[in-house]
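A closer look at the structure
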Amino acid sequence: MTDGSLVGQAAVDQLLEVLDLAPTGTMSFRGMSPPVGPQRVYGGQVAGQALVAAGRTVDAERVVHSLHGYFVRAGDPVEPIEYEVENIRDGRSFSVRRSVALQHGKPIFFMSASFQRPEEGLDHHAPLPPDVPGPESVPTMTDRLSRYPERLGIWGQIPRPIDVRYVGEPGWVRPGDRPADPHQRVWMRIDGKLPDDPLLHACALTYASDLTLLDSVLSVHGEVWGPGGVVGASLDHALWFHRPFRADEWFLYDCWSPSASGARGLATGRMFTVAGSQIASAVQEGLLRRVGG
């Protein structure tokens with residue numbers, strides 16, 4: 001099996017180019033999509049770019065601690081994305097921005113993000129889930145793809161800047177090959193070296209956070225994506241950053257779904273370092289519809 005997709009540092013460098021928005025004004029920016037990608041803009045990309053835009057208008061001392069966004073239209077990967085940022089407030093401790101992504105004059109995504117001046121305070125977090133094998137003990141994406149050569153047409157073309165290692169079965173296996181599991185656990189890291197800029201690491205984590213979160217809704221039922229399974233789209237996305245981290249170091253994304261109804265599924269996830277520190281939490285609702293085989 002030949003995998004011709006862009007991986008490793010080359011893919012990471014391309015991701016850095018995607019996140020490096022061009023300023024078009026004091027509060028406006030322009031972003032592009034990778035030259036090879038899916039038929040619509042990947043949600044993590046537009047969320048990451050929207051955070052880049054917001055973060056570039058905030059004092060560098062203040063770090064992002066939360067974001068809340070809505071996906072309102074599918075993005076066209078061929079067209080540039082215009083980002084307009086509104087300064088909602090700059091207080092003594094917090095700065096709040098609203099970032100809107102537009103194509104053809106219409107919003108495709110909008111997000112509010114809050115940034116905080118570093119402070120000391122109470123400190124606790126939930127423990128790392130027990131008995132989860134480490135990232136070096138679970139199959140690589142290449143290992144898993146070797147069992148499903150029909151999937152190579154997709155994964156063999158798009159860049160893969162993130163090393164993704166599923167603890168259980170992913171949602172893109174064949175129908176019937178996935179046992180029901182209340183959790184979707186994945187080890188991730190940016191598959192190369194990132195600069196030290198904390199905002200860039202937050203944007204990279206935002207990019208990664210949309211990859212597997214909604215799949216946890218399917219995991220509860222042993223369902224899969226595509227023919228004979230389910231098609232879906234992200235409706236909204238929220239992310240909280242708890243502690244300093246590096247997105248180019250391994251983190252466990254522990255996801256589960258508390259509820260699904262009305263063709264919508266709710267998913268929530270926690271991110272932990274290998275040492276067990278909880279670095280972020282995520283919540284997402286998605287549209288999920290069954291499709292024929």
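Residues numbered from 1 in each chain as written. Predicted model: local features only at pLDDT ≥ 70, side-chain atom pairs only at ≥ 80, totals over all residues. Heavy atoms only, no water.

1. A few points about the UniProt feature "domain: Acyl-CoA thioesterase 2 C-terminal" (unreviewed entry) in the chain
As a reminder, the rule being used: UniProt positions are given in the numbering used here, feature names are shortened, and annotations may be inferred rather than shown by experiment. Secondary structure elements follow DSSP: runs of H or I of four or more residues count as helices, runs of E of two or more count as strands, with numbering from the N terminus.
Summarizing the sequence annotation, UniProt attributes the feature "domain: Acyl-CoA thioesterase 2 C-terminal" (unreviewed entry) to residues 176-287 in the numbering used throughout. Measuring from the first to the last C-alpha atom of residues 176-287 gives 22 Å, for a span that is 17% helix and 46% strand.

2. A look at helix α5 (residues 198-209)
Condition: Each helix should span, by expectation, one fewer than its residue count multiplied by 1.5 Å. Only protein chains enter the area calculation, which uses a 1.4 Å probe; residues under 20% of their type maximum are buried, those over 50% are exposed, and those in between are partly exposed. Here a polar contact means two N or O atoms within 3.5 Å. Within protein one must be a hydrogen donor candidate and the other an acceptor candidate, and residues neighboring in sequence count only if both atoms are side-chain atoms.
Between its first and last C-alpha atoms α5 spans 16 Å; for 12 residues at 1.5 Å apiece the expected length is 16 Å, and the two agree. Of all 12 residues that make up α5, 10 are buried, and the element is covered over most of its length. Of the positions making up α5, those classed as buried are Leu200, His201, Ala202, Cys203, Ala204, Leu205, Thr206, Tyr207, Ala208 and Ser209. The opening residue of α5, the one whose side-chain oxygen lies 3.1 Å from the backbone nitrogen of leucine 199, is aspartate 197.

3. Considerations on helix α1 (residues 8-19)
Working note: α-helix, 3.6 residues per turn, so residues spaced by three or four point in the same direction. How we decide: It is the directions from the helix axis to the C-beta atoms that the arc portrays.
If you check α1, its first and last C-alpha atoms are 17 Å apart, about what 12 residues at 1.5 Å a residue would give, namely 16 Å. Among the residues of α1, those classed as buried are Gly8, Ala11, Val12, Gln14, Leu15, Val18 and Leu19. Along the axis of α1, the buried residues cluster in a sector spanning 160 degrees; they form a single face.

4. Things to note about the layout of surface pockets
Spelled out, the test is: Only protein atoms enter the 1 Å grid used here. Points where a 1.4 Å probe fits but cannot escape make up a cavity, open sets with protein on both sides within 12 Å along at least five of seven lines make up a pocket, and a residue lines them when an atom lies within 4 Å of a point. Grid points are joined across faces, edges and corners, and a volume is the space filled by probe spheres set on the points. The nonpolar class holds Ala, Val, Leu, Ile, Met, Phe, Trp, Tyr, Cys and Pro. Asp, Glu, Lys and Arg form the charged class, and all remaining residues, Gly among them, are polar.
In this structure, the second largest pocket occupies an estimated 1,000 Å³ of space. Looking at the second largest pocket, it is lined by 30 residues, and the ones nearest its centre are Val63, Phe241, His242, Arg243 and Pro244. If you list the elements that add at least two residues to the lining of the second largest pocket, you get β3 (63-71), β6 (106-116) and α5. The element contributing the most residues to the lining of the second largest pocket is α5, with 4 residues. Residues of the lining of the second largest pocket, tallied by class, amount to 13 nonpolar, 9 polar and 8 charged.

5. Notes on the packing of aromatic side chains
Note the cut-off: Pairing of aromatic side chains requires ring centres within 6.5 Å, counting the rings of Phe and Tyr and the six-membered ring of Trp. Pairs whose planes differ by under 30 degrees are stacked, by over 60 edge-to-face, and all others tilted.
Per the counting criterion, the structure on display carries 6 aromatic pairs. Centroid distance tyrosine 148 to tryptophan 172: 6.0 Å. Interplanar angle 90 degrees. Geometry classified as edge-to-face. In this pair, tyrosine 148 is assigned in the loop between α3 (141-145) and α4 (152-155) and tryptophan 172 in the loop between β7 (162-166) and β8 (183-190), connecting sequence segments 24 residues apart. Look at tyrosine 148 and you get buried, because its relative accessible area is 3%. Seen from their ring centres, phenylalanine 241 and phenylalanine 245 are 6.2 Å apart, and the 10 degrees between their planes marks the pair as stacked.

6. Looking at the packing of α1 against α5
Each packed pair of helices is defined by two parameters, the angle between the axes and the distance between the axes. Rule in force here: Between N-to-C directions, angles cover 0 to 180 degrees, with each direction set by a line fitted to C-alpha atoms, over the stretch in contact for helices. Oblique is the label for every angle not falling under 35 degrees (roughly parallel), over 145 degrees (roughly antiparallel), or within 65 to 115 degrees (roughly perpendicular). Throughout, a residue-residue contact means that at least one pair of heavy atoms, one from each residue, lies within 4.5 Å.
Look at α1 against α5: their axes get within 11 Å of each other, and the N-to-C directions meet at 105 degrees. Considering the angle they form, α1 stands roughly perpendicular to α5. Residues Leu15, Leu16 and Leu19 of α1 form the contact with α5, whose participating residues are Leu200, Cys203, Ala204 and Tyr207.

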